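# Summary of structural features
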Amino acid sequence: MNQEIQAYNDSQNAEDKKICDILSVEINDFLQEAESKIWHRHPVWFLDGNPVAGYSKLKDSVRLLFWSGQSFDESGLQNEGSFKAAEARYTSADQINIDDLKRWLDKARNIQWDYKNIVKRKGVLIRLK
């Protein structure tokens with residue numbers, strides 16, 4: 001595992017650390033081809049330089065974010081922001097449904113909007129896959 005991501009997980013309280021550890025292990029296992037790093041102070045996984053999945057500690061939960069998640073057509077994900085992102089929030093590790101997570105990660109690999117070039121395109125997203 002990326003040492004910066006492990007340090008991020010280790011800095012959380014006990015329950016949030018469990019959530020972060022499960023998410024990082026599952027994301028690493030499923031998206032083995034992805035680059036992982038701390039980006040804007042949070043763990044994020046990239047495919048070909050494009051952010052596809054990550055998580056962050058919020059005040060009352062851990063948010064799992066998929067940058068292209070609004071295109072996944074998944075009832076378990078809520079729209080986030082004004083672009084194409086969608087999220088799930090967890091307050092307990094037992095709320096994580098591994099089957100759902102794997103399905104979402106498969107969609108993250110196969111459904112992507114071009115966030116890598118969003119600044120160059122002045123906020124316009126185009127679909128990559």
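Residues numbered from 1 in each chain as written. Predicted model: local features only at pLDDT ≥ 70, side-chain atom pairs only at ≥ 80, totals over all residues. Heavy atoms only, no water.

## Brief notes about the overall build of the protein chain
How we decide: Helix and strand definitions here come from DSSP, where helices need a minimum of 4 consecutive H or I residues and strands a minimum of 2 consecutive E residues; each element is numbered from the N-terminal end. Radius of gyration: C-alpha atoms only; globule rule: 2.2 Å multiplied by the number of residues to the exponent 0.38. For the exposure calls, accessible area comes from a 1.4 Å probe over protein chains only, and a residue counts as buried if that area is under 20% of its type's maximum, exposed if over 50%, partly exposed in between. Any two residues whose heavy atoms approach within 4.5 Å at even a single point are treated as in contact. In this tally, Asp and Glu contribute negative charge and Lys and Arg positive charge; neither His nor the terminal groups of the chain are included. All charge positions are set by atom: Lys at NZ, Arg at CZ, Asp at CG, Glu at CD.
On a plain count of helices and strands, the protein chain comes out with three helices and six strands. Put simply, the protein chain runs from its N terminus to its C terminus through helices and strands in the order α-α-β-β-β-β-β-β-α. Over its C-alpha trace the protein chain gives a radius of gyration of 14 Å, about what one expects of a compact globule, namely 14 Å for 129 residues. Here the C-alpha coordinates of the protein chain stretch approximately 40 × 30 × 25 Å along the principal axes. Looking at the 129 residues of the protein chain, the share that counts as buried comes to 46%. Taking contacts inside the protein chain between residues at least 6 apart in sequence as the whole, the part at least 24 apart equals 49%. Computing the positive centroid from 19 side-chain charges and the negative centroid from 20, the protein chain places the two 8 Å apart.

## Brief notes about the packing of helix α2 (residues 14-30) against helix α3 (residues 98-110)
For any two helices packed against each other, the geometry comes down to the angle between their axes and how far apart the axes lie. The following threshold applies: The axes are straight lines fitted to the C-alpha atoms, using for helices just the contacting stretch, and the angles between their N-to-C directions are given from 0 to 180°. What sets the label is the angle itself: under 35 degrees gives roughly parallel, over 145 gives roughly antiparallel, 65 to 115 gives roughly perpendicular, and the rest give oblique. Put simply, a crossing is left-handed when the front helix is turned counterclockwise from the back one by less than a right angle, and right-handed when it is turned clockwise.
Interhelical geometry of α2 versus α3 gives an angle of 45° and a closest axis separation of 10 Å. On the basis of the axis angle, α2 is oblique to α3. The interaxial crossing formed by α2 with α3 has right-handed handedness. Where α2 abuts α3, its residues I22, L23, E26, I27 and F30 lie against I98, L101, K102, L105, D106 and R109.

## Considering the side chain of E87
We count it as follows: Within 3.5 Å is the distance limit for a polar contact, defined as a pair of N or O atoms, with the added protein rule that one can donate a hydrogen and the other accept it, and that residues adjacent in sequence qualify only through two side-chain atoms.
You can see E87 is positioned in strand β6 (residues 86-90). We classify E87 as buried; its relative accessible area is 7%. Of the polar contacts made by the side chain of E87, one reaches the side chain of R89; its length is 2.8 Å. Excluding its chain neighbours within four sequence positions, the residues that come into contact with E87 are R63, L64, L65, G76, L77, Q78 and E80.

## Topic: the environment of E4
Along the chain, E4 turns up in helix α1 (residues 3-10). Sequence separation of E4 and K37 is 33 residues, and the distance between their C-alpha atoms is 7.0 Å.

## Quick look at the packing of α1 against α2
For the pair α1 and α2, interaxial distance at closest approach is 8 Å and the crossing angle is 155°. One way to sum up the angle between α1 and α2 is to call them roughly antiparallel. Packed against α1, whose contacting residues are I5, Q6, Y8, N9 and D10, the element α2 presents K17, C20, D21 and S24 at the interface.

## Side note on unusual backbone geometry
Phi at H40 takes a positive value of approximately 55°, unusual for a residue other than glycine. Locating H40 in the fold gives a position in the loop between β1 (35-39) and β2 (42-47). For H40, a relative accessible area of 61% gives the class exposed. Its identity as a non-glycine residue notwithstanding, D73 has a phi of 55°, on the positive side. Among the structural elements, D73 can be located in the loop between β4 (62-66) and β5 (78-79).

## A few points about the pattern of salt bridges
To be explicit about the condition: Throughout this description, the term salt bridge denotes a Lys or Arg side-chain nitrogen within 4 Å of a carboxyl oxygen of Asp or Glu.
Under the defined criterion, the tally for this structure stands at 12 salt bridges. Notably, a salt bridge pairs K17 with D10, separated by 3.4 Å at the nearest N-O pair. On the basis of relative accessibility, which here comes to 26%, the residue K17 falls in the partly exposed class.

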